[in-house]
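Per-entry structural report
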Amino acid sequence: MNHPLDPTLTAQAQALVAQMTLAEKADFCSGKDFWHLPGLARLDIPSIMVTDGPHGLRKQGQNADHLGAHRSIPATCFPTASALASSWDLDLMHEVGIALGQTCVDEDVSVLLGPGMNIKRSPLCGRNFEYFSEDPLLNGQIAASLVNGIQSQGVGACLKHFAVNNQERGRMYMDAVVDDRTLREIYLRGFEIAVRTAKPWSVMCAYNRLNGVYCSEHDWLLNTVLREEWGFEGSVMTDWGAANDRPLGVKAGLDLEMPGSGGVNDALVAQAVANGDLDEADLDRAVARNIALSLSSLNRQKPATPADPDDQHRLARKAAAQSCVLLKNEKQLLPLSERSKIVLIGAFAEKPRFQGAGSSQVRPTQVDTLRQALTNYLGDIDYAQGYDPVASRSNQTLITEAVALAKRADVAVVYAGLPGIYESEGFDREHLDLPDQHNALITAVCAANPNTVVVLANGAPVTMPWIDQVPAVIEGYLGGQASGSGLADALMGVQNPAGKLAETFPLNLKDVPCTPFFPGERRQMQYREGVYVGYRYYDTARRDVLFPFGHGLSYTDFAYVEANTSNASVTAGGSITLSVTIKNTGKRAGAEVIQVYRHSRGSAIHQPEQQLCGFAKVFLQSSEVATVTIELDAENFRTFDHGTNQWVLEAGAVQLRIGSSSRDIRLTQAINVVSTHTFSDIAKTTGAPEFLSPEHSQPLDVSDALFRNMLNRPVPEGEDIRPFHRNSSLAEIRTTWLGSKVYEKAIAGFLGGMGLQNTDPTTRKMFEEMANHMPLRAAVLFQQGKISFDQIDTLLALLNGQPLKALKLLLKNRRHDAAEKRER
């Protein structure tokens, strides 16, 4: 099988580039259409297809879009990333990756656009269901396993969105202001792990700016870090419509613009080379990488029979069950007994929400409902709707019906969660709460029947005001097309829940450390909380949480017997082997995730209380004892020094904390780090954020002075929306009379052009929010040249109160158009 990173294929691609004209090379810098790379028949270069998505193939036909509005072919919809990450199961991730790769081969897709790897900075991010974790180590290792599985089938994976794309609001123009330590330790580390260990064929740059520079033209990010430091050799492509200055992007290491711009940006690239503004050698490198990606499709072995959808569905069911997290189980209410009278309440049991809206939305091959799955186990089961699954507006009648049903049962199972309109690509959540109807339903049912089990379907953490009254809770996340049967397997004990939270569930939104700075203002988002993301903050500041990172119960119990290390110290470039002996002391077989956190004693700089440095999942029969080995690499003990821009392996004592969650430590082991590295004075004098002090009156405040020290430069002031420019959004120009008229016409045209006038509320809201925050230059690219940059500049002159400039541009455009007509 061909591999685009193979030196022979690279040499072949370079030889082909040498035979191409400048126009042909410029053409190869962008997509042929929405999903295909260009081909060149005279040189036998094929046109290959790339497509979404991270948890299932979203291959579209003629009506193509990047947000899931139009139908795609049927494909197995696996659990979303937030669910899969909760399995902490690298073997399972590899298995799912293989299945995704097999489907790509069957459908002649050469690159699958995923996985998404952005850190869960805030639970409000509307796209968190597509991302794995708040922890970079877990994030990187899970992604690497999935990538290895996909690419084992001879198709490529594409890590996205590189980098620091942690919110939906203003994602196409906002500037993420992040200090170097936080950037390296939190937001880039997962990408680094996946790139170094799995060698993905491609990486997708993010829409946003990073410290003032668009990711699509960020030389430091794409060339210095990704290629020179990490050794990435594949192709970098844009997120759809993310190209800003295309010639500058080529120079900065951006190889492929997607989708094609109708030749607009290709012409700018060719012109930049002709004018001497772009070195043709930079263009040649970009084109060679894209051609190598295309050549990888040649000689790919397609099986005689396609992947069996029933086999894949069974894998999806297994993945859904293993991704369930048993959050609470008082009185051992779970698993359910076939001898009990059980009732099922909640519209998701019949009309499940099993994936998120947007570019990752898959058309499933089949859908299992929880009602049918429980019926298969228990026979006919009484059911009440409880709420409307779409809007979930207040409806006391539905609650009354549910309460009456619950009173007649031994156990009431309430299936609640977030409707699609609460979280989606394109917009962020406004709060962490379930719909009022869901909370009222759970409270009322629990009052009527104290033996109430709550099952949740949501892509990110929610608050649970009823948690003290409910004895059992299972977090099912968005479990894919087999979520109903997977949940039933867990509820009935056929599968023993073994999931662990890959993110912290806070008590409320004000406890989340980035809340004062999210989603930002003045066109920038300041990451003032620094490295204190998720449990790194909660454990350091000793804040109470609803459920901690790594938490997850089982129907059995595990005793952590002892821990030993292969040696007493670790040095740079080395590792240490930790052996943990664990016993299943319960009556059921089950799996446990052994988590290892490092606690630095006496560090010269401020450090989080503890940080994940290794983990392993082990399955044990009842009474079985096993010794599990976990390799702890020295690189996972490093800290980034923002004064020298170097990683530092600090010498000194380190305590390994071994447990079942970040708040459930069972064993400790002392080791010593041997190193000659020292921190710079700048790093030593940058204090810990004020919010870590228990005495601080505003626990989430970070002063300008401290943030300046973190950045090692003045804090950028942000931007006014005026004067308007090519990266002004439709929502921003709407503040003027003329802009409001343009806005109305653009929104109507956007929805009408996509055929979305009568679409469902979630999809409509997603597209409206996307249009609101779309920069004007993106309209040129998505319209394939039907709108020109000159026309945008004329509009901008009018919006900025410069009518004479607008008139000059208009006359210039007309002369240009007339000249083109004469040439034709």
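Look up a bit, the structure's there.
None of the values given here were measured: they were computed from a predicted structure.

1. Regarding the overall build of the protein
- When helices and strands are tallied, the protein shows 25 helices and 25 strands.
- Expected size for 824 residues packed as a compact globule is a radius of gyration near 28 Å; at 27 Å, the protein falls within 12% of this value.
- With respect to the principal axes defined by its C-alpha atoms, the protein has extents near 85 × 65 × 65 Å.
- The burial tally for the protein puts 62% of its 824 residues in the buried class.

2. Some remarks on a nonpolar patch on the surface
- Taken together, the side chains of Leu-807, Leu-810 and Leu-811 present a nonpolar region at the surface, about 240 Å² in accessible area.
- Positionally, Leu-807 belongs in helix α25 (residues 803-823).

3. Focus: the pairing of strand β12 (residues 411-417)
- Most of β12 sits out of view: seven of its seven residues are buried.
- Of the two faces of β12, the one lined by Val-411, Val-413, Tyr-415 and Gly-417 and the one lined by Ala-412, Val-414 and Ala-416 are each fully buried.
- Taken together, the six bridges between β12 and strand β13 (residues 452-457) define a ladder with parallel strand orientation. Note on β13: the bridge partner recorded for Ala-416 is Leu-456.
- Note on the crossover from β12 through helix α15 (residues 436-448) to β13: the handedness is right-handed.

4. A short note on the state of the cysteines
- If you walk through the whole model with that rule in mind, you get zero disulfides.
- Summary of cysteine pairing: Cys-125 is not part of a disulfide, and the nearest cysteine sulfur, belonging to Cys-514, is at 10 Å.
- Take Cys-125: its relative accessible area is 1%, and that puts it in the buried class.

5. With respect to the pairing of strand β8 (residues 235-238)
- Neither face of β8 is left uncovered, since the one carrying Ser-235 and Met-237 and the one carrying Val-236 and Thr-238 both have all their residues buried.
- Sheet topology note: the strand β5 (residues 202-205)/β8 ladder contains four bridges and is parallel. Looking at β8, one finds that Met-204 is bridged to Met-237.

6. Structural notes on the sheet that holds strand β1 (residues 50-51)
- Judged by pairing direction, the sheet is parallel, and its five strands sit side by side in the order β1-β2-β3-β5-β8 without closing on themselves. In this open sheet, the two edge strands, each paired with only one partner strand, are β1 and β8.

7. Topic: the environment of Asn-712
- Its location among the elements puts Asn-712 in the loop between α19 (704-711) and α20 (730-733).
- Dropping the residues within four chain positions of it, Asn-712 is found in contact with His-642 and Ile-682.

8. Here we look at the packing of helix α4 (residues 90-106) against helix α12 (residues 309-323)
- Interaxial distance between α4 and α12 falls to 11 Å at its minimum, and their mutual angle equals 150°. It follows from the interaxial angle that α4 and α12 lie roughly antiparallel. Read as a crossing pair, α4 and α12 show a hand that is left-handed. Taken together, the residues of α12 that come into contact with α4 (itself represented by Leu-92, Glu-95, Val-96, Ala-99, Gln-102 and Thr-103) are Gln-312, Leu-315, Lys-318, Ala-319 and Gln-322.

9. Thoughts on the packing of aromatic side chains
- Counted by the stated rule, this structure contains 13 aromatic pairs.
- Their ring planes at 65° and their centres at 5.0 Å tell us that Phe-162 and Phe-191 sit as a pair that is edge-to-face. Of this pair, Phe-162 sits in strand β3 (residues 156-162) while Phe-191 sits in helix α7 (residues 189-198), and the two are 29 residues apart along the sequence.
- According to the relative accessible area criterion, Phe-162 is buried, its value standing at 0%.
- Ring centres of Phe-348 and Tyr-415 lie 6.1 Å apart, and the angle between their planes is 80°; on these two criteria the pair is classed as edge-to-face.

10. A short note on the sheet that holds strand β20 (residues 611-620)
- Reading across the sheet, the five strands line up as β17-β25-β24-β19-β20 and stay open at both edges, with mixed pairing between neighbours. Both edges of this open sheet fall to β17 (569-571) and β20, since each of them pairs with a single strand only. Strand-to-strand, the axes of this sheet are offset by a mean angle of 30°, without reference to chain direction.
- Bridge analysis of strand β19 (residues 590-600) against strand β24 (residues 652-661) gives six bridges, and the strand direction is antiparallel. If you follow Ser-600 over to β24, its bridge partner there is Val-654.

11. Things to note about the pattern of salt bridges
- Tallied over the full model, the rule gives 42 salt bridges.
- Close ionic contact of Arg-184 with Glu-229 constitutes a salt bridge, the shortest N to O distance being 2.8 Å. One end of the pair, Arg-184, is in helix α6 (residues 180-187); the other, Glu-229, is in helix α8 (residues 219-229), and 45 residues separate them in sequence.
- With a relative accessible area of 35%, Glu-229 lands in the partly exposed category.

12. Brief notes about the side chain of Gln-60
- Positionally, Gln-60 belongs in the loop between β1 and α3 (81-85).
- Of the polar contacts made by the side chain of Gln-60, one reaches the side chain of Trp-35; its length is 3.3 Å.

13. Describing the environment of Leu-137
- Checked against the element boundaries, Leu-137 lands in helix α5 (residues 136-151).
- Measuring from C-alpha to C-alpha, the distance between Leu-137 and Ala-194 comes to 9.6 Å, with 57 residues separating the pair along the chain.
- Setting aside anything within four residues of it in sequence, one finds Leu-137 in contact with Ile-193, Leu-612, Cys-613, Gly-614 and Asn-636.

14. A short note on α6
- Most of α6 sits inside the fold, with seven of its eight residues counted as buried.
- Three or more residues of α6 are buried, namely Arg-181, Thr-182, Leu-183, Arg-184, Glu-185, Ile-186 and Tyr-187.
- Capping of α6 at its N-terminal end is provided by Asp-179; its side-chain oxygen lies 3.2 Å from the backbone amide nitrogen of Arg-181.

15. What to know about the side chain of Ser-235
- Here Ser-235 shows up in strand β8.
- Of note is the side chain of Ser-235, whose polar atom sits 2.8 Å from the side chain of Asn-290.
- Among residues more than four places away in sequence, those in contact with Ser-235 are Trp-201, Ser-202, Val-203, Arg-227, Asp-255, Leu-256, Arg-289, Asn-290 and Leu-293.

16. Overview of α7
- For α7, the tally of buried residues reaches eight of 10 residues, placing the bulk of the element in the interior.
- Residues of α7 that are buried make contact with α5, β3, α6, α8 and β23 (646-648).
- Positive backbone phi, approximately 50°, marks Lys-199, located one or two places after α7.

17. Things to note about the nonpolar core
- Among the nonpolar cores identified, the biggest contains 141 residues, and Val-96, Leu-113, Phe-162, Val-164, Tyr-187, Trp-240 and Leu-612 are the most heavily contacted of them.
- Ranked by residue count, the leading element in this core is α5, at eight residues.
- Within the second largest apolar cluster, 64 residues are counted, among which are Val-453, Met-464, Val-473 and Leu-501.

18. Re the environment of Arg-542
- Relative to the elements of secondary structure, Arg-542 occurs in the loop between α17 (535-541) and β16 (558-565).
- Arg-542 sits 151 residues away from Ser-693 along the chain, and the two C-alpha atoms are 9.8 Å apart.
- Setting aside chain neighbours within four positions, we find Arg-542 in contact with Tyr-537 and Glu-609.

19. Some words on the packing of α4 against α5
- Where α4 meets α5, the axes come as close as 6 Å, and the angle between the chain directions of the two elements is 35°. As for how α4 packs across α5, the hand of that crossing is right-handed. Between α4, through Leu-90, Met-93, His-94, Val-96, Gly-97, Ile-98, Leu-100 and Gly-101, and α5, the contact on the second element is made entirely by Gln-141, Ile-142, Ser-145, Leu-146, Asn-148, Gly-149 and Ile-150.
- Looking at the contact of α4 with α5 residue by residue, the classes come out as eight nonpolar, seven polar and no charged.

Rules behind the numbers
- Residues numbered from 1 in each chain as written.
- Predicted model: local features only at pLDDT ≥ 70, side-chain atom pairs only at ≥ 80, totals over all residues.
- Heavy atoms only, no water.
- Helix = DSSP H or I, 4+ residues; strand = E, 2+ residues; numbered from the N terminus.
- Rg over C-alpha atoms; globule rule 2.2 N^0.38 Å.
- Buried < 20%, exposed > 50% of the residue type's maximum accessible area, 1.4 Å probe, protein only.
- Patch = residues over 30% accessible without salt bridge, like charges linked within 9 Å, V, L, I, M, F, W, Y side chains within 5 Å.
- Areas by Shrake-Rupley, 256 points an atom, 1.4 Å probe, with all protein chains shown as cover.
- Salt bridge = Lys/Arg side-chain N within 4 Å of Asp/Glu carboxyl O.
- Pairing = 2+ DSSP bridges.
- Right-handed = clockwise from strand over helix to strand, strands pointing away.
- Disulfide = S-S within 2.5 Å.
- Contact = heavy atoms within 4.5 Å.
- Axes fitted to C-alpha atoms, helices over the stretch in contact; angles between N-to-C directions.
- Parallel < 35°, antiparallel > 145°, perpendicular 65-115°, else oblique.
- Left-handed = near helix turned anticlockwise from the far one by under 90°.
- Phe/Tyr/Trp six-rings, centres within 6.5 Å; stacked < 30°, edge-to-face > 60°.
- Polar contact = N/O pair within 3.5 Å; in protein donor to acceptor, adjacent residues only side chain to side chain.
- Core = buried A, V, L, I, M, F, W, Y, C linked by side-chain atoms within 4.5 Å.
- Nonpolar A, V, L, I, M, F, W, Y, C, P; charged D, E, K, R; others polar.

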